[in-house]
Amino acid sequence: MEKLPEKKDGDVIHGEWNVRYAYSMGKVAGKFFEGLRRKKILATRCTKSGISYLPPRAYCERSFEPCDEWVEAGRDGVIEAATIVTAAFENLPRPPYAIAYVRLQGVSTAMINYVHGLDLGDVDSAMARLKPGTPVSVEFVETPVGRVTDFHYVLRSAS
Amino acid sequence: MPKNRAAIIGVGETAFRSHHPDKTYVELAQEATIKALADAGLTMDAVDAVVFSMAPTQFMGVNDADKWAIDSIFAAGKPFLRVHTGGATGGSALHAAYAHVASGMFRTVLVVGADRISETPDAQHILNLIWDHFYEHDVALNTITMTALSTHRQMHFHGTTEEQFARVVVRARRNAMKNPYAHLKGMITVDDVLRSPRVSWPYRLYDICPRSSGAAAVIVADEGVAKRQCSRPAFIKGIGAVANTVFMGDRMGPYADTELSEIPEAAYAGREAYAQAGITDPIRQIQVVELYDPFSSTQFPQLESLNFCKRGEAAKLSDEGAFEPGGLLTVNPSGGTLCTNPIGVTGLVRVADAALQVMGKAGEAQVPGVRNALATALGGSVQFVTCTILGTDPT
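Residues numbered from 1 in each chain as written. Chains lettered and ligands numbered in written order. Predicted model: local features only at pLDDT ≥ 70, side-chain atom pairs only at ≥ 80, totals over all residues.

### Some points on the overall build of chain A
Along its length, chain A carries 2 helices and 8 strands. For a compact globule of 159 residues, the expected C-alpha radius of gyration is about 15 Å, and chain A comes in at 20 Å, more than 25% above that figure. Reported as C-alpha extents along the three principal axes, the dimensions of chain A are approximately 65 × 40 × 30 Å. Looking at chain A residue by residue over its 159 residues, the buried ones come to 34%. For chain A, restricting intrachain contacts to residue pairs at least 6 apart in sequence, the fraction spanning at least 24 positions comes to 50%. (Helix = DSSP H or I, 4+ residues; strand = E, 2+ residues; numbered from the N terminus. Rg over C-alpha atoms; globule rule 2.2 N^0.38 Å. Buried ≥ 20, exposed ≤ 12 C-beta atoms within 10 Å, placed from the backbone. Contact = placed C-beta atoms within 7 Å.)

### Section: the confidence of the model for chain B
On average, chain B scores 97 in pLDDT, and the residues at 70 or more come to 100%. Predicted complex metrics record ipTM = 0.95 and pTM = 0.97. (pLDDT = per-residue confidence, 0-100.)

### Some thoughts on unusual backbone geometry
Trans is the common state for peptide bonds, and a negative phi is the common state for residues other than glycine. With an omega dihedral of -10 degrees, the bond running from A:Leu54 to A:Pro55 counts as a cis peptide bond. The omega torsion across B:Trp201 and B:Pro202 is 5 degrees, close enough to zero to call that bond cis. By the element assignment, B:Pro202 lies in the loop between strand S5 (198-200) and strand S6 (203-204). A positive phi angle, close to 60 degrees, is found at A:Lys39, a residue other than glycine. Mapping A:Lys39 onto the fold places it in the loop between helix H1 (26-37) and strand S1 (42-45). A positive phi is found at B:Phe74, a non-glycine position, where the angle reads about 60 degrees. Take B:Phe74: there are 19 C-beta atoms within 10 Å of it, and that puts it in the partly exposed class.

### Section: the interface of chain B and chain A
Contacts between the two partners involve 37 residues from chain B, matched on the other side by 44 residues from chain A. Those elements that place two or more of their residues in the side of chain B that touches chain A are helix H4 (123-128), helix H5 (143-158) and S5 of chain B. Here the side of chain B that touches chain A takes 7 residues from H5(B), the largest share from any one element. Broken down by class, the residue content of the side of chain B that touches chain A amounts to 15 nonpolar, 16 polar and 6 charged. (Nonpolar A, V, L, I, M, F, W, Y, C, P; charged D, E, K, R; others polar.)

### Regarding the pairing of strand S12 (residues 384-391) of chain B
All names here are of chain B. Most of S12 is tucked away: 8 of the 8 residues are buried. The alternating pattern of S12 places Phe384, Thr386, Thr388 and Leu390 and Val385, Cys387, Ile389 and Gly391 on opposite faces, both of which are buried. As judged from the 8 bridges shared by strand S8 (residues 234-243) and S12, these two strands associate in the antiparallel manner. Following the sheet pairing, alanine 243 is matched in S12 by phenylalanine 384. Sheet analysis places strand S11 (residues 372-379) next to S12, joined by 8 bridges and oriented antiparallel. Bridge pairing in S12 links alanine 373 to leucine 390. (Pairing = 2+ DSSP bridges.)

### Considering the sheet that holds strand S2 (residues 52-53) of chain A
Residues and elements named next belong to chain A. A sheet is described by the order of its strands in space; here 3 strands give the open sequence S2-S1-S3, paired in antiparallel fashion. A single partner strand is all that each edge strand has here, and the edge strands are S2 and strand S3 (69-72). Bridge count between S1 and S2: 2 bridges; the pairing is antiparallel. When the bridges of S2 are listed, arginine 45 appears paired with serine 52.

### Details of the environment of B:Ser150
Residue and element names in this part refer to chain B. Locating serine 150 in the fold gives a position in helix H5. On the neighbour-count criterion, serine 150 (26 C-beta atoms within 10 Å) is buried. It is 45 Å that separates the C-alpha atoms of serine 150 and threonine 43, two residues lying 107 residues apart in sequence.

### Comments concerning the environment of B:Ala355
Residue and element names in this part refer to chain B. Following the sequence through the fold, alanine 355 ends up in helix H14 (residues 343-359). C-beta crowding within 10 Å serves as the criterion here: with 28 such atoms nearby, alanine 355 is assigned to the buried category. When the C-alpha positions of alanine 355 and glycine 278 are compared, they lie 18 Å apart, and in sequence the two are 77 residues distant. Residues in contact with alanine 355, not counting those within four places in the same chain, are Ile8, Val11, Val218, Ala234 and Leu390.

The following block contains the structure:
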């Protein structure tokens, strides 16, 4: 982690924020995370607009009507955008790692998560395997806990 | 139609650098305020209201620092409003001041803000905390990774290369040498950019803006005050602003109504601002743009969305030198956000630098014959976009 800038004594006063939260999930996110515990990815759908959302939404942002259906996303999808992170950011995973927006079968929008199982030794050639349109699959961790990191993506050719 | 015309009649900026050990946060805002008032030839008695430009306060570390700033910026006894739309904050703050004056509510308004991104070493941690804790915070999003993802699509659709992005950085650092307030500046080469360490593909260190500290202020006044105080005001001829969903995954793929990598919000904001300003042929009518470009890939989609060229053409025009000072369109003669990014005021710095061009006060960076200049600001997950057109003539 980057150090605080070197300053002469008397130039600065040091401080730190320690703040804790318990974020209320609400019904929609609650159902999504309950689904993850059962190794299912649940999307909401608006029958009026036909749009299905991941992450799930209570209301459709096109029709301004409530999303009135739950649908289970397919386990396969395609990459829409990806990057490989090679620098260390404070409070983020140790690099390198790959993340991608993936549009899963039966879902209109793309959802971001980590891409595992890819050799990141050569970043350029790894990125060449993550082009938009590349097929991927969902893989769940063995014991889901109801966090978004309960699942990740893997290249279909590598799974 | 606005009731009154409005113009920028005074501009104040501090130097931008990593640290200002000689001043506190509020004293920085004060310095910009005093400079803008002096530039307008006014004292604070003549200012009717104050708009404060301040984005996340976790960088400088005093929660909601606007309250701390009141006396330092001489706002006691006046109506006061803080504006926050992430990186677009400064653009939105200027729009708020414009609305105050154009509506006839106030005659003279101060817009001021300061930021200190390097007060903490945890800036990208703070920029990860802007995502919700349910779906996106845990997946390493921050401002660098989010725009790297969008740039992946830009390169995929248009074949834009890392070298083309590097040329934007070289031009920005060179332009910044003529801006006494710029943070990063100097003669560098495309190879220097391409040899800098990788951060998040395709970005390398030099593709990314610095963490700047500093302050900016402008005085917005109605036409009567402007004509009395200023021989060459920068009239605010048009403003446009738009917000979009935070979810970038909604803005990609066959079902999306906007394409993330195109910064289409700039097209919506630009269309509104152009209509108000009577701009029908931007490349002929606008001489200078100050684009909010914190990354090397952020200029091209904005230039295309703002109709300065067709979609997919900006990178080639950039290679050909079209966006150099005195070229087809002078892009970021100040060095832009790539060289200076005090997030909470960067949008205001874009407006201030565009105003200086219109007022003929840009010093060594001055582009000859500027009649109209355009400034943008981008915020959130590139979901807040403002566009402002300034000109020498009120209509």
